[in-house]
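So the chains spell out like this:
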Amino acid sequence: MAKYETMLVTSAALDEEASTALVGKFKSLIEANGAIDSVDDWGKRRLAYPINDEEEGVYTVIKFTSEPSFPAELDRVYKITDGVLRTMIVAEAE
């Protein structure tokens, strides 16, 4: 098992309920394939540059532990999900 950190930026155009449901979807996916260590909701922030004509995004950082093969699957799901503007997954240094 390895430790990872993922940051995801979801569209601020979604209402709060839809945004929470979207993040909840990813939390349950991570829990099904590993363990969540912490979740840090940064809330709505202005983007450094417009993404898909949007000026703001909702930031969430999730630290988790999983098998090394899982982050590739998580990234695949991020890419095919509507409402996700940007994502990043990094392995934490040991």
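Described in the following lines is the structure provided in the data block. Predicted model, so just to flag it, every value in this text is computed and none were measured.

**Brief notes about the overall build of the protein**
And then number 1: Scanning the protein from terminus to terminus reveals two helices and four strands.
And then number 2: The N-to-C order of helical and strand elements in the protein reads β-α-β-β-α-β.
And then number 3: Its C-alpha atoms give the protein a radius of gyration of 13 Å, within 12% of the compact-globule value 12 Å for 94 residues.
And then number 4: Within the span of the protein, comprising 94 residues, buried residues form 36% of the whole.
And then number 5: With the model as given, the accessible surface of the protein reaches about 5700 Å², and the carbon-plus-sulfur share is 49%.

**Let's talk about the pattern of salt bridges**
And then number 1: With the rule as written, the count across this model stands at six salt bridges.
And then number 2: Between Arg46 and Glu55 there is a salt bridge whose closest N-O contact spans 3.4 Å.
And then number 3: On the accessibility criterion, Arg46 (60% relative accessible area) is exposed.
And then number 4: The salt bridge involving Arg76 is made with Glu73; its shortest N-O contact spans 2.9 Å. With Arg76 and Glu73 both in helix H2 (residues 70-79), this residue pair falls three residues apart, about one helical turn.
And then number 5: Look at Arg76 and you get partly exposed, because its relative accessible area is 44%.
And then number 6: Looking at Glu73, the relative accessible area reads 32%, which means it is partly exposed.
And then number 7: Each member of the salt-bridge network shares a partner with another, and the members are Glu5, Lys63 and Glu92.

**A closer look at the nonpolar core**
And then number 1: In terms of nonpolar packing, the biggest core is built from 13 residues, with Phe26, Ile30, Phe64 and Leu74 touching the most fellow members.
And then number 2: The residues contacting Phe64, other than those within four sequence positions of it, are Ala2, Lys3, Tyr4, Thr6, Ile30, Ala35, Ile36, Asp37, Phe70 and Leu74.
And then number 3: Counting seven residues, the second-largest nonpolar core is a separate cluster that includes Leu47, Ile51, Tyr59 and Val61.

**Here's the deal with the environment of Ala32**
And then number 1: Residue placement: Ala32 occurs in helix H1 (residues 16-33).
And then number 2: Using a relative accessible area of 65% as the deciding quantity, one classes Ala32 as exposed.

**Thoughts on the side chain of Thr6**
And then number 1: You can see Thr6 is positioned in strand S1 (residues 2-11).
And then number 2: By relative accessible area, Thr6 is classed as buried at 1%.
And then number 3: Within the structure, Thr6 has its side chain in polar contact with the side chain of Tyr78 (distance 2.9 Å).
And then number 4: Of note is the side chain of Thr6, whose polar atom sits 3.0 Å from the backbone oxygen of Met88.
And then number 5: Non-local contacts of Thr6, meaning those with residues more than four positions away in its chain, are made with Ile30, Thr60, Val61, Ile62, Phe64, Leu74, Tyr78, Met88 and Ile89.

How each quantity is defined
Residues numbered from 1 in each chain as written. Predicted model: local features only at pLDDT ≥ 70, side-chain atom pairs only at ≥ 80, totals over all residues. Heavy atoms only, no water. Helix = DSSP H or I, 4+ residues; strand = E, 2+ residues; numbered from the N terminus. Rg over C-alpha atoms; globule rule 2.2 N^0.38 Å. Buried < 20%, exposed > 50% of the residue type's maximum accessible area, 1.4 Å probe, protein only. Areas by Shrake-Rupley, 256 points an atom, 1.4 Å probe, with all protein chains shown as cover. Salt bridge = Lys/Arg side-chain N within 4 Å of Asp/Glu carboxyl O. Core = buried A, V, L, I, M, F, W, Y, C linked by side-chain atoms within 4.5 Å. Contact = heavy atoms within 4.5 Å. Polar contact = N/O pair within 3.5 Å; in protein donor to acceptor, adjacent residues only side chain to side chain.

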